[in-house]
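Working through the structure, step by step
What follows is the residue order along each chain.
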Amino acid sequence: MAAITAVVEWKRQEGEAFTDKKFSRGHQWSFDGGHSMRASSSPAIVPRYSDPAGVDPEEAFVASLSSCHMLTFLWLAANQGFVVDSYRDEAEGIMTKNAKGKLFISQVTLRPQIVFSGDRKPDATTMTALHHDAHEECFIANSVLTEIRVESA
């Protein structure tokens, strides 16, 4: 099996006491392909010390589920001879408390808008099957307890 790696780095800023909890939540994510990006806690959760330009872990989680579903869907569609021109998803995660009273992302709704071209286009039954199979095969969906819904247009 493959090992998945990411480097996550944070450093206390000069003058930050840290123990007063008034420290920057901004940090850096780096990946094996050389891409690096700004990350932070969500400004909705830690308003004063978050970096709004950074991607927060909750956004990344929703994007990860959406991306995995999309990549699996595209692969399945290609296998069936469908030509996909574009795929856009405005995914949304809902955070609630679990049975232990801890916050978690309990539900993610995917809303893919897919444009096909060519002579063969999937009918509604085939689209439902493609999304079902994409969900069943998605590595990330198979790794989480979150309920994942697909509202396909």
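Here the structure is a predicted model, which is why all the values come from computation and not from measurement. (Residues numbered from 1 in each chain as written. Predicted model: local features only at pLDDT ≥ 70, side-chain atom pairs only at ≥ 80, totals over all residues. Heavy atoms only, no water.)

1. Brief notes about the overall build of the protein
Helix and strand counts for the protein come out as two helices and eight strands. Seen in sequence order, the protein has helices and strands lined up from the N terminus as β-β-β-α-β-β-β-β-α-β. Dimensions of the protein, computed from the C-alpha atoms along their principal axes, are close to 65 × 40 × 30 Å. Taken over 153 residues, the protein has a buried fraction of 30%. For the protein, contacts bridging at least 24 residues in sequence account for 49% of all contacts bridging at least 6. Carbon and sulfur atoms make up 55% of the accessible area of the protein, which amounts to about 10,300 Å² in all. Charge-centre separation for the protein: the mean point of 15 positive side chains lies 11 Å from the mean point of 20 negative side chains. (Helix = DSSP H or I, 4+ residues; strand = E, 2+ residues; numbered from the N terminus. Buried < 20%, exposed > 50% of the residue type's maximum accessible area, 1.4 Å probe, protein only. Contact = heavy atoms within 4.5 Å. Areas by Shrake-Rupley, 256 points an atom, 1.4 Å probe, with all protein chains shown as cover. Lys, Arg positive; Asp, Glu negative; His and termini not counted. Charge placed at Lys NZ, Arg CZ, Asp CG, Glu CD.)

2. Section: the sheet that holds strand 5 (residues 92-97)
Taken in spatial order, the three strands of this open sheet run 5-6-8, and their pairing is mixed. Of all strands in the sheet, those bounded by a partner on one side alone are strand 5 and strand 8 (147-150). Going across the sheet, the axis of each strand differs from the next one's by a mean of 25°, ignoring polarity. Pairing of strand 5 with strand 6 (residues 103-110) involves six bridges; the strand directions are antiparallel. Counted as the bridge partner of G93 is V108 from strand 6. Helix 1 (residues 57-79) rests against strand 5, strand 6 and strand 8 of the sheet, and its axis sits at about 35° to strand 6. (Pairing = 2+ DSSP bridges. Axes fitted to C-alpha atoms, helices over the stretch in contact; angles between N-to-C directions.)

3. Focus on the pairing of strand 7 (residues 112-117)
As a general feature of sheets, a regular strand has side chains that alternate between the two faces. The two faces of strand 7 differ: P112, I114 and F116 on one face are buried, but Q113, V115 and S117 on the other face are not. Bridge count for strand 4 (residues 83-89) against strand 7 is six bridges, and the pairing is antiparallel. Opposite D89, over in strand 7, you have P112 as the bridge partner.

4. Quick word on the pattern of salt bridges
Scanning the entire structure with this criterion turns up five salt bridges. Two residues, E147 and R149, come together in a salt bridge whose shortest N-O distance is 2.7 Å. The class of R149 is partly exposed, set by a relative accessible area of 39%. Through salt bridges with shared partners, a single network forms among E92, R111 and E151. (Salt bridge = Lys/Arg side-chain N within 4 Å of Asp/Glu carboxyl O.)

5. Concerning the side chain of S66
If you trace the backbone, S66 turns up in helix 1. There is a polar contact of 2.7 Å between the side chain of S66 and the side chain of D89. When residues no more than four places from it in sequence are discounted, the contact partners of S66 are D89, A91 and L110. (Polar contact = N/O pair within 3.5 Å; in protein donor to acceptor, adjacent residues only side chain to side chain.)

6. Examining unusual backbone geometry
In this model, F18 sits at a positive phi of 75°, which is unusual for a non-glycine residue. By secondary structure assignment, the location of F18 is in the loop between strand 1 (7-9) and strand 2 (27-30). With relative accessibility at 37%, the residue F18 sits in the partly exposed group.

7. Concerning the layout of surface pockets
One way to see where empty space is left: roll a probe the size of a water molecule over the atoms. For the largest pocket, the calculated volume is near 400 Å³. The wall of the largest pocket is formed by 15 residues, among which I4, S64, C68, F139 and I140 lie closest to the centre. Taken together, 11 residues form the lining of the second largest pocket, with T128, H131, H132, R149 and V150 sitting closest to its centre. Top contributing element to the lining of the second largest pocket by residue count: helix 2 (residues 124-137), with six residues. Partitioned by chemical class, the residues of the lining of the second largest pocket number five nonpolar, five polar and one charged. (1 Å grid on protein atoms, 1.4 Å probe; cavity = no way out; pocket = protein on both sides within 12 Å on 5 of 7 lines; lining within 4 Å. Points joined across faces, edges and corners; volume = space filled by probe spheres on them. Nonpolar A, V, L, I, M, F, W, Y, C, P; charged D, E, K, R; others polar.)

Structural measurements only, silent on function.
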